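Chains, contacts and geometry: an overview
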Amino acid sequence: MEIKLKKDIATLKKVQKWTKNILTRISNHSNEIKSDNIVKQSQKNGKTNRKTTPSTKMTTNIIKNQSMTTKSMTNIEHDEEFYEQKYKRDYYDFLLIGNGISGYSNIYERIDEIKRCTGIDNLEMVRPIVEKNSKNMKLKIKVKEYSDYKTLTKEWPSDSFKTGIKIKKSYPNLKVIVLDVQRNLKANQDNIQIKALQDNYGLYNIRRIHNHKNQPCNKITAKCKKISDFIDVIKDGVFIGSKKYRVIPHIVNYRVCSKCGSLKHQQKDCLKAQYCLKCSGTGHQIDNCNSFFDKCINCLGPHKCFSDKCKEIAQKKIFINRFVLKILIGEKFISSASDILQVGYDSEEDQTSQSFDTSKLNFLIESIFSDKINNLEHTLNNQSSSIRKIKENIQQITNDIPDVKSSVRSIQETLIDLNSKLNFEVNSFMVNELESVKRNIEINNKSIEQIYETSLKNNNNIQKELFEILKYLDLSKT
Ligand SMILES: [Zn+2]
Ligand SMILES: [Zn+2]
Ligand SMILES: [Zn+2]
């Protein structure tokens, strides 16, 4: 009897050790899963402790934006008015077309008629345009406020300017570049793929870019009808056929007058004398310059007058691109204008001509925006590998569950067995030891059951989240 009991106790101790092992295994797994969740969560929220360089900040923001748009496609989508209010244009203009307009012979009659029809009288400009052939008159009207523009471009009374009028709205001045487009794609209206670009993305004036030798480049430009179209194509790219193409904003470069170096006009309008663009001297051109020193015509600084180092050029570029920069900064594509325009950029490179400057600007913009897309792809890859890991963990836990179940069962059986044995009269030392072992096993048993339950719950949660992530990944791929 005693020998048998000793044997039983030994077995029970083994069981105890075994259950402890299972407990540690389970808690290890749940820790792994927790840390995976934290990584995933922080990627979602963009809270990873990355260096805050502009481009990574931009990537994080883009990812955040994209997950936001995927999650709530319907309720966060802003209407055009939201963007027009957020990014105000300098002015708003439109064309008023109608046969009766030419009957209003002076500016006061026209302004009075516009006020009668719409109630608006604070017009910035009302300029008549006479068509060459038909001699029909149109009016180009400019206002300062978006609210006035909205009122003016609504329906007019049918007797406006006696015979009724039509409105032709103007689009915001936003241009984009589509990258890596095959050179054999004909960028004209008859092309069905170009037509699809217009219809699907609100693009117009789609044109192939040619290099200085008039050969087609692998880029096409397009204008955007709405601010939201501009933001969307930069964020998501465009499909031509089944292939996705990257899209970057078009930034206008500025060239100084190639005759006198001025920032205020171009050569065709130049009334000044010839100045050297390198040393700002007279009597020679840059190609024949013998000066050892550079002197800027505009800021008198020690650089050529078309150099990136010139703060006046930088200011000019920021000024002419102010509308598009406002949107790029507001939508957090860039953190400041200097991300793409080299404000006072201190480069040791020696520029010899203005065209070099232009290609460098394009290259910079392209690299910044492709950097952004590469980073995005990298993060997506990271996410899918962490999803794979979570899957493996879930699989392991699922594998462990029968183990835990059977161990719980066998412990229960042993306990029942022991209980019946304890009914016999035995050595009191044995009874004490047995009871303490029994208590331990009961405690372990309970915690195993608890862990089993929480891991089941975790399992469900993780599967739900996995499904969300897979959905998100699928959506962002399309
Ligand atoms: Zn000039
Ligand atoms: Zn010179
Ligand atoms: Zn300068």
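In this text, all values refer to a predicted model and were calculated from it rather than measured experimentally. Per chain, the residues get numbers from 1 upward, laid out in the order the sequence is written. Each chain is given a letter, starting from A, and each ligand a number, starting from 1, according to the order in which they appear as written. Confidence filtering applies because this is a predicted model: local features only for residues at pLDDT of at least 70, side-chain atom pairs given and counted only at 80 or more, and all residues used for totals across whole chains, interfaces and linings. In computing side-chain values, all of the structure's heavy atoms are included and hydrogens and water are not.

Details of helix α9 (residues 322–330)
Rules: Accessibility here uses a 1.4 Å probe with only protein chains present; expressed as a share of the type maximum, an area under 20% marks a residue as buried, one over 50% as exposed, and anything in between as partly exposed. Each helix is a run of H or I in the DSSP string that is no shorter than four residues. Each strand is a run of E no shorter than two, and both are numbered from the N terminus.
Within α9 the residues assigned to the buried category are F323, V324, L325, I327 and L328. Of the residues trailing α9, K332 is marked for its positive phi of about 60°.

Notes on the UniProt feature "domain: CCHC-type" (unreviewed entry) in the chain
Just so we agree on the cut-off: UniProt positions are given in the numbering used here, feature names are shortened, and annotations may be inferred rather than shown by experiment.
Here, the residues flagged by UniProt with the feature "domain: CCHC-type" (unreviewed entry) are residues 256–272 and 275–291. Helix makes up 0% of residues 256–272 and strand makes up 0%, while its end C-alpha atoms are separated by 13 Å. Between the C-alpha atoms that bound residues 275–291 the distance is 13 Å, and the span itself is 0% helix and 0% strand.

Thoughts on the coordination of the zinc ion (ligand 1)
Each donor-metal-donor angle in an ideal tetrahedron of four donors is 109.5 degrees, and each such angle in an ideal octahedron of six donors is either 90 or 180 degrees. Heads up, the condition is: Donor atoms: N, O and S within 2.8 Å of the metal, or within 3.2 Å for Na, K and Ca. Because water is excluded, sites can look incomplete.
Taken together, the protein ligands of the zinc ion (ligand 1) are C257 (SG), C260 (SG), H265 (NE2) and C270 (SG), with distances of 2.1 to 2.4 Å. Taken in sequence order, the residues that donate to the zinc ion (ligand 1) follow the motif C-x2-C-x4-H-x4-C. Comparing H265 with C270 shows no difference in burial state: the two are buried.

Considering the nonpolar core
To be explicit about the condition: Joining through side-chain atoms within 4.5 Å is the link that ties buried Ala, Val, Leu, Ile, Met, Phe, Trp, Tyr and Cys residues into a set, and such a set is a nonpolar core. For this analysis, residues touch if any pair of their heavy atoms sits within 4.5 Å.
In terms of nonpolar packing, the biggest core is built from 41 residues, with V176, L197, F230, L328, I340 and F369 touching the most fellow members. When near neighbours in sequence (up to four residues on either side) are disregarded, F369 contacts I234, I248, P249, L328, F333 and I340. Counting residues in each nonpolar core, the second largest holds 20 residues, with I120, M137, Y149 and W156 among its members.

Concerning the pairing of strand β5 (residues 175–178)
Let me state the cut-off plainly: For two strands to pair, DSSP has to find at least two bridges joining them.
Sheet analysis places β5 next to strand β7 (residues 216–224), joined by four bridges and oriented antiparallel. The partner of V178 across the bridge, within β7, is I220. One ladder, built from three bridges, connects β5 with strand β10 (residues 247–249); its direction is antiparallel. Among the inter-strand pairings, I177 is bridged to a residue of β10, identified as I248.

Examining the packing of aromatic side chains
The description of two aromatic rings rests on the distance between their centres and on the angle between their planes. Short version of the rule: Here is the rule: rings of Phe, Tyr and Trp (six-membered ring for Trp) pair when centre to centre is within 6.5 Å. Planes less than 30 degrees apart are stacked, more than 60 are edge-to-face, and the remainder are tilted.
As enumerated under the stated definition, the model contains eight aromatic pairs in all. Ring geometry for Y146 versus Y149: centroids 6.2 Å apart, planes at 35°, classification tilted. Pair noted here: Y146 and Y149 are both in helix α5 (residues 146–152), with a separation of three residues, about one helical turn. The same class applies to Y146 as to Y149, namely buried. Among the aromatic residues, those joined into a cluster by ring pairs are Y92, F94, Y146 and Y149.

A few points about the pattern of salt bridges
Filter applied, for reference: Salt bridge criterion: a side-chain nitrogen from Lys or Arg within 4 Å of a carboxyl oxygen from Asp or Glu.
Evaluated as defined, the whole model comprises 16 salt bridges. Here R246 and D180 are joined by a salt bridge, their closest N and O atoms 3.2 Å apart. Placement of the pair is R246 in the loop between β9 (243–245) and β10 and D180 in the loop between β5 and α6 (192–201), with a sequence separation of 66 residues. On the basis of relative accessibility, which here comes to 39%, the residue D180 falls in the partly exposed class. The closest approach of N and O atoms between K471 and E468, which form a salt bridge, is 3.8 Å. Taken as a pair, K471 and E468 lie in helix α11 (residues 428–477) at a separation of three residues, close to a single helical turn. Ionic contacts of the salt-bridge type, sharing partners, join the residues E113, R116 and D159 into one network.

Some details on the sheet that holds β7
Strands belonging to one sheet form pairs held by backbone hydrogen bonds; the direction of such a pair is parallel or antiparallel. Test applied: To obtain an axis, a line is fitted to C-alpha atoms, over the contacting stretch when the element is a helix, and the angle between two such axes runs from 0 to 180 degrees between their N-to-C directions.
With respect to topology, four strands assemble into an open sheet ordered β6-β7-β5-β10, the strand pairing being antiparallel. Two strands close off the open sheet at either side, each with one partner strand: β6 (203–210) and β10. For this sheet, the mean angle separating the axes of adjacent strands, direction not counted, is 30°. Sheet topology places β6 next to β7; five bridges connect them, and they run antiparallel. The partner of R207 across the bridge, within β7, is T221. Those strands touched by helix α7 (residues 227–236) are β5, β7 and β10, and its axis lies near 130° from that of β10.

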